[in-house]
Amino acid sequence: MLAPAPHIETAIDPIALRRAFGTFVTGVTIITTVDADGNPRGMTANSFTSVSLDPPLLLVCVGKSASSFPAFNEAKSFAVNLLHEGQTEVSGVFASKSVDKFQSVNHDRVHTGAPVLTDCLTWFDCTTHNRIDAGDHVILIGQVQAFGTTPSAPLGFCRGRYANVKDPLPSGWLASHGMVVGYLIEADGNILLRADGKGGWVLPSAKRRIADNELKLDDGGALTLLPENTFLYSVFDVADSDPGYLIYRARLSHDSMGVALPPDLRFFSIDNLPYDAVPTREVRAMLRRYLRERHDARFGIYMDSRDGGRLAMIDGDAQPWLQTPREQS
Ligand SMILES: Cc1cc2nc3c(=O)[nH]c(=O)nc-3n(C[C@H](O)[C@H](O)[C@H](O)COP(=O)(O)O)c2cc1C
């Protein structure tokens, strides 16, 4: 269906226009600079746009009525800090007229001297490339001198409200390390798999990179794993642009065998694994290897390498690491 025909008038209703602009979904940023007295200044801004890769340029629009406008209008440098989903309060503080906005955040100087928020989704530290007068705003074009990013979920904004952007990262991706950590868990001749919501089955994933003695479930419960049977099993990449995969093999403790599982988790008999529904070739190959190695109770550790991967066999169960007093110091 077509949208109603636009009603072209010479006078545009600014309130209706602001509402119409507000239907465009954006992220939320804190733009920062340092004023002539050396004080950090900042404000919430969603007018951020990436402009050019070569040279690396971005822009933000700064309202002339903002109290920090003179600082941005004179600054030789500024930073744009994109917020993550847990930072609605930071956005609120920097959208206010508070005089001590920077008391509520940790910040650092990285390259140009403009304040960079220690905790944010992504930051760009820029020198001022150009300023363009544009009505009641000035378009500030920055040349990126340094930037950093994290895999957190972004904070969204639309129609004057904060919006959740469904985390675009794969389940199990560790925010701090950009890896999917999975568990190949056996219990009584069955392997635990998780429905991927697209008709496929994947390995259950963990929230931490270090091997845990339990697998935390989304419903708040946990399955206990036998520590002496939990060991690194496979480290591989699926594609250059994807996260790395780090898989542990583990065995469920007897207490956890009868625990009711959330609907997306299911045990499959080891002789009847749904290979055709496992979407990742590397994971299918790993499951087949597990089956072979389990038969002889001799497990290997696989490591991806440019020449096709390497497998090292290890005998027996994992042993606790007993440090000598010399190693402890
Ligand atoms: C989500 C959001 C986005 C905003 N985007 C902008 C923007 O792009 N440009 C702008 O000048 N003000 C923007 N504002 C308003 C400023 O943050 C607000 O006027 C602030 O009080 C300015 O701070 P100051 O007066 O201390 O400089 C936005 C506010 C919010 C809540």
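Report follows, based on the coordinates.

Definitions and cut-offs
- Residues numbered from 1 in each chain as written.
- Predicted model: local features only at pLDDT ≥ 70, side-chain atom pairs only at ≥ 80, totals over all residues.
- Helix = DSSP H or I, 4+ residues; strand = E, 2+ residues; numbered from the N terminus.
- Buried ≥ 20, exposed ≤ 12 C-beta atoms within 10 Å, placed from the backbone.
- Contact = placed C-beta atoms within 7 Å.
- Near = placed C-beta within 6 Å.
- Pairing = 2+ DSSP bridges.
- Core = buried A, V, L, I, M, F, W, Y, C linked by C-beta atoms within 7 Å.

Along its length, the chain carries 5 helices and 22 strands. Counting over 329 residues, the chain shows a buried share of 26%. Put simply, of all contacts in the chain between residues at least 6 apart along the chain, 59% involve residues at least 24 apart.

Among the 17 residues in the neighbourhood of the ligand, the closest are listed as A45, S47, G63, A66 and S68. At the level of secondary structure, the elements contributing two or more residues to the shell around the ligand comprise β3 (40-45) and β5 (57-63).

The pairing of strands in a sheet comes from backbone hydrogen bonds and takes either a parallel or an antiparallel form. Ordered by their spatial adjacency, 3 strands build an open sheet running β1-β11-β12, and the pairing between neighbours is antiparallel. If you trace the sheet from one side to the other, it starts and ends with β1 (26-27) and β12 (161-164), each paired once. Where β1 and strand β11 (residues 155-158) come together, 2 bridges link them in antiparallel fashion. Across the sheet, residue G27 finds its bridge partner in β11, namely G156.

Taken as a class, soluble globular proteins show a tendency for nonpolar side chains to be buried jointly. Core analysis: the largest hydrophobic core is formed by 32 residues, its most contacted members being F78, A79, V80 and L83. Counting residues per element, this core draws most heavily on strand β6 (residues 77-82), at 4 residues. In contact with A79, not counting residues within four places along its chain, are T32, A114, P115, V116, W123, F124, D125 and C126.

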